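Spelled out, the chains give:
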Amino acid sequence: MFKRLVIVATALTLTAAAATGCGGAADSGGTTLGFSQVGAESGWRTANTQSIQDSAKAAGINLKFADAQQKQENQIKAIRSFIQQRVDVIAFSPVVESGWDTVLKEAKDAKIPVILTDRAVDSKDTTLYATFLGSDFVEEGKKAAQYVIDTYRSSNETVNIAELQGTTGSAPAIDRKEGFLGLISADPKFKIVASQTGDFTRAKGKEVMQAFLASRQKIDVLFAHNDDMALGAIQAIEEAGLAPGKDIKIVSIDGVRDALKALVDGKKNFVVECNPLLGPQLMDLVGKVKAGQPVPHRIVTEETTFTPEQAVAALPGRQY
Ligand code: GZL
């Protein structure tokens, strides 16, 4: 349904623009978008990049794409370069929440509109960006917690939870933790016995899980802020001679194909979706923002959750 709406909206924009010659998708051939991406740290990120690149091509938008290798200074450099190149619109996924006001003010002074995708910034001045397009990470954390609460509803035993946090200071790590803790802390039987960042990568997730296991701390549940860290942790759990999904229940967030496969294989128990396919909506927003059309200041994407049974049904058509 939503896809049809976007197509209709784009068609209308094209028609209107053709008739009046005004801005919007119709002259997107002349539109240049500067995009600063976090990096290539996870399967989610790869799918997000693909969606943005494919959608820019489909919309006839000239894309200048910069990969920041998860470093904020690289994103700030890229944004300044986009300003110097006088792109029409700047979009980026801020690797961390803080430290953006100066460069966003430079874009505003240069009269180049900015769109935030995927992750938010903590700037108090909301005039520094035209809109935010992405997920509600607090809600994702709550969905993960609800799975744990439902799983242990009939037990009075203590439930020891280990947490693999995302990139320190990033909106998804801050908000997913807030959403998860906000629900789980209501029942004292749930105890967070270990919590450390795995920086959203498989390698770091495995390394940190190895350290958790080496501490001999009993762990009943692993909550990982993304699938890639959980997939790395699964390797560590198996190498320790334990059965992931059985000896240690695993819940994570994203919904990438390898995570759904792990669900089907019984190595994970629950996955909360975080939609990376933001490209089509972003390109539609670029046309509108360039044309000076009003857009909502926050656009939250639709997302679901997966049990093993739902993963079996979803896998064949999974785009990422
Ligand atoms: C969430 C996104 C996160 C994913 C990770 O929108 O920012 O970053 O959950 C990715 O997989 O690295």
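Bear in mind the structure is a predicted one, so any value in this text is a computation, not a measurement. (Residues numbered from 1 in each chain as written. Predicted model: local features only at pLDDT ≥ 70, side-chain atom pairs only at ≥ 80, totals over all residues. Heavy atoms only, no water.)

Draft legend 1. Spotlight on the overall build of the protein chain. The helix and strand inventory of the protein chain stands at 11 helices and 12 strands. Relative to the globule expectation of 20 Å for 320 residues, the C-alpha radius of gyration of the protein chain, 21 Å, shows essentially globular dimensions. The dimensions of the protein chain, computed from C-alpha atoms along their principal axes, are 65 × 40 × 35 Å. A burial count over the protein chain gives 52% of its 320 residues as buried. Considering only contacts within the protein chain whose residues lie at least 6 apart along the sequence, 74% involve residues at least 24 apart. Each charge class in the protein chain was averaged separately, 36 positive and 38 negative side chains, and the resulting centres sit 2 Å apart. (Helix = DSSP H or I, 4+ residues; strand = E, 2+ residues; numbered from the N terminus. Rg over C-alpha atoms; globule rule 2.2 N^0.38 Å. Buried < 20%, exposed > 50% of the residue type's maximum accessible area, 1.4 Å probe, protein only. Contact = heavy atoms within 4.5 Å. Lys, Arg positive; Asp, Glu negative; His and termini not counted. Charge placed at Lys NZ, Arg CZ, Asp CG, Glu CD.)

Draft legend 2. Seen up close, the sheet that holds strand β3 (residues 89-92). Spatially, 6 strands are ordered β2-β1-β3-β4-β5-β11 in an open sheet, and the strand pairing comes out parallel. Looking along the sheet, the strands with just one partner apiece sit at the ends: β2 (62-67) and β11 (298-300). Along the sheet, successive strands turn relative to each other by an average axial angle of 15°, direction set aside. Two strands pair when backbone bridges link them, and β3 and strand β4 (residues 114-118) are joined in this way by 3 bridges, in the parallel orientation. Bridge assignment links F92 to a residue of β4, and that residue is L116. (Pairing = 2+ DSSP bridges. Axes fitted to C-alpha atoms, helices over the stretch in contact; angles between N-to-C directions.)

Draft legend 3. A look at the domain arrangement of the protein chain. Taken domain by domain, the protein chain consists of domain 1 (2-135 + 276-302) and domain 2 (137-274). In total, about 1,200 Å² of surface goes out of reach between domain 1 and domain 2, with carbon and sulfur atoms giving 53% of it. The tally of links between domain 1 and domain 2 comes to 0 salt bridges. Applying the counting criterion to the domain 1 and domain 2 interface returns 3 residue pairs in polar contact (both at pLDDT 80 or more). In terms of residue class, the side of domain 1 that touches domain 2 is built from 5 nonpolar, 4 polar and 5 charged. (Domains from an automatic or database assignment. Buried area = accessible area lost by both parts, 1.4 Å probe. Salt bridge = Lys/Arg side-chain N within 4 Å of Asp/Glu carboxyl O. Polar contact = N/O pair within 3.5 Å; in protein donor to acceptor, adjacent residues only side chain to side chain. Nonpolar A, V, L, I, M, F, W, Y, C, P; charged D, E, K, R; others polar.)

Draft legend 4. Local environment of the packing of helix α5 (residues 137-151) against helix α6 (residues 171-184). Where α5 meets α6, the axes come as close as 7 Å, and the angle between the chain directions of the two elements is 40°. With respect to each other, α5 and α6 are oriented oblique. Where α5 crosses over α6, the two elements pack in a sense that is right-handed. For the pair formed by α5 and α6, the contact residues are F137, V138, E140, G141, K142, A144, A145, Q146, V148 and I149 on the first element and A171, P172, D175, R176, E178, G179, F180, L183 and I184 on the second. Split into classes, the residues belonging to the contact of α5 with α6 amount to 11 nonpolar, 3 polar and 5 charged. (Parallel < 35°, antiparallel > 145°, perpendicular 65-115°, else oblique. Left-handed = near helix turned anticlockwise from the far one by under 90°.)

Draft legend 5. Layout of the packing of helix α3 (residues 72-84) against helix α4 (residues 101-109). Running from amino to carboxyl end, α3 crosses α4 at an angle of 10°, the nearest separation of the two axes being 10 Å. Here α3 lies roughly parallel to α4, going by the angle between them. Contact residues: α3 offers I76, I79, R80 and I83, while α4 offers T102, V103, E106 and A107. A class-by-class count of the residues in the contact of α3 with α4 yields 5 nonpolar, 1 polar and 2 charged.

Draft legend 6. Local environment of the site of the ligand. Neighbouring the ligand are 13 residues; E41, D118, R119, R176 and D254 lie closest to it. In the environment of the ligand, an oxygen atom lies 2.7 Å from a nitrogen or oxygen atom belonging to the side chain of R119. At 2.6 Å from an oxygen atom of the ligand is found a side-chain nitrogen or oxygen belonging to D254. Its free accessible area being 320 Å², the ligand has 100% of it covered by the protein chains. Looking at the shell around the ligand, the elements that each hand over two or more residues are α2 (43-59) and α6. Here the residues of the shell around the ligand are counted per class, giving 5 nonpolar, 2 polar and 6 charged. Counting only domains with at least three residues in the shell around the ligand, you end up with domain 1 (2-135 + 276-302) and domain 2 (137-274). (Near = heavy atom within 4 Å. Areas by Shrake-Rupley, 256 points an atom, 1.4 Å probe, with all protein chains shown as cover.)

Draft legend 7. Highlighting the sheet that holds strand β7 (residues 190-197). If you walk across this open sheet you meet the 6 strands as β7-β6-β8-β9-β10-β12, and the pairing is mixed. Two strands in the sheet have a free side with no partner beyond their single neighbour: β7 and β12 (305-306). Bridge analysis of strand β6 (residues 159-165) against β7 gives 7 bridges, and the strand direction is parallel. Across the sheet, residue N160 finds its bridge partner in β7, namely K191. Sheet contacts for helix α7 (residues 202-214): β6, β7 and β8 (221-224); angle to β7, the most-contacted strand, approximately 135°.

Draft legend 8. Representation of α4 within the structure. Burial in α4 covers these residues: V103, L104 and A107. For α4, the arc enclosing every buried residue in end-on projection is 100°, short of the 170-degree limit, so these residues lie on one face. For α4, the exposed residues set more than 90 degrees away from the buried face come down to T102 and D109. The inward-facing, buried residues of α4 abut α3, β3 and β4. Phi for K111, located one or two positions after α4, is positive at around 60°. (Arc of directions from axis to C-beta.)

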